[in-house]
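# Secondary and tertiary structure notes
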Amino acid sequence: RVVFFSKELGKKIASEIQLEREIGYAFEHNEFRLKYQPIIDVNSGKVVAVEALIRWEHPVKGTIYPTEFIPFVEKGCCVKEIGVWVFDNACKQLKEWLKKGIDVNMSINLSVKHMHASNFYEVMNAIIKKYDTDINKISLEITEYTLMQYRETTMTMLNKMQHDGMTFRLDDFGTGY
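Here is a short report on the structure shown in this document. Not measured: the values here are computed from a predicted model. (Residues numbered from 1 in each chain as written. Predicted model: local features only at pLDDT ≥ 70, side-chain atom pairs only at ≥ 80, totals over all residues. Heavy atoms only, no water.)

### Structural notes on the overall build of the protein
Helices and strands together make up the secondary structure of the protein, namely seven helices and six strands. For the protein, the sequential pattern of α-helices and β-strands runs α-β-β-β-α-α-β-α-α-β-α-α-β. Over its C-alpha atoms, taken along the principal directions, the protein stretches across nearly 60 × 40 × 35 Å. Within the protein, buried positions represent 38% of all 177 residues. By sequence separation, contacts in the protein at least 24 residues apart represent 69% of the contacts at least 6 residues apart. Treating the 23 positive side-chain charges of the protein as one cloud and the 24 negative ones as another, the clouds have centres 3 Å apart. (Helix = DSSP H or I, 4+ residues; strand = E, 2+ residues; numbered from the N terminus. Buried < 20%, exposed > 50% of the residue type's maximum accessible area, 1.4 Å probe, protein only. Contact = heavy atoms within 4.5 Å. Lys, Arg positive; Asp, Glu negative; His and termini not counted. Charge placed at Lys NZ, Arg CZ, Asp CG, Glu CD.)

### Thoughts on a nonpolar patch on the surface
Side chains of Phe-5, Leu-9, Ile-13 and Ile-17 sit close together on the surface and give an oily, nonpolar patch of about 370 Å² of accessible area. In this fold, Phe-5 is placed in the segment before helix H1 (7-28). (Patch = residues over 30% accessible without salt bridge, like charges linked within 9 Å, V, L, I, M, F, W, Y side chains within 5 Å. Areas by Shrake-Rupley, 256 points an atom, 1.4 Å probe, with all protein chains shown as cover. Salt bridge = Lys/Arg side-chain N within 4 Å of Asp/Glu carboxyl O.)

Okay, structure coming up:
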């Protein structure tokens, strides 16, 4: 097969290189934030849980939503670092809320690529201990697609963590994502 380089491909590559630099810079300069989406019990109308959602507060472009940068992060740019940052900050917030009498469960999105880091289990447990987090208050969300793509190794890790008391949810289930 023959493939010709095009200006469009060159622009795409340059754009991806720039995005990788910007994500690295954003991570180093604390431009990421967690926002918390309430999960409401329809019968009682009460907030029973929240989902931690990452946002990039770009100094020029404003708020950048995960759909614009997470697919690139998933390719390898800071995936472990951002995953640890999200989990750490979510557990920290959960502890702060509990101190104020706000008792909710928290759902945290997880990259399967982060879960396959060699020290993933140890790092997650260290963060849980650091904030004295009740593991029963946390659910990790993984996408149906990534679960199926890495089924065997993912299930081994999920079973280990479930044994410790953590629960899991399928994100985007049945959406074809």
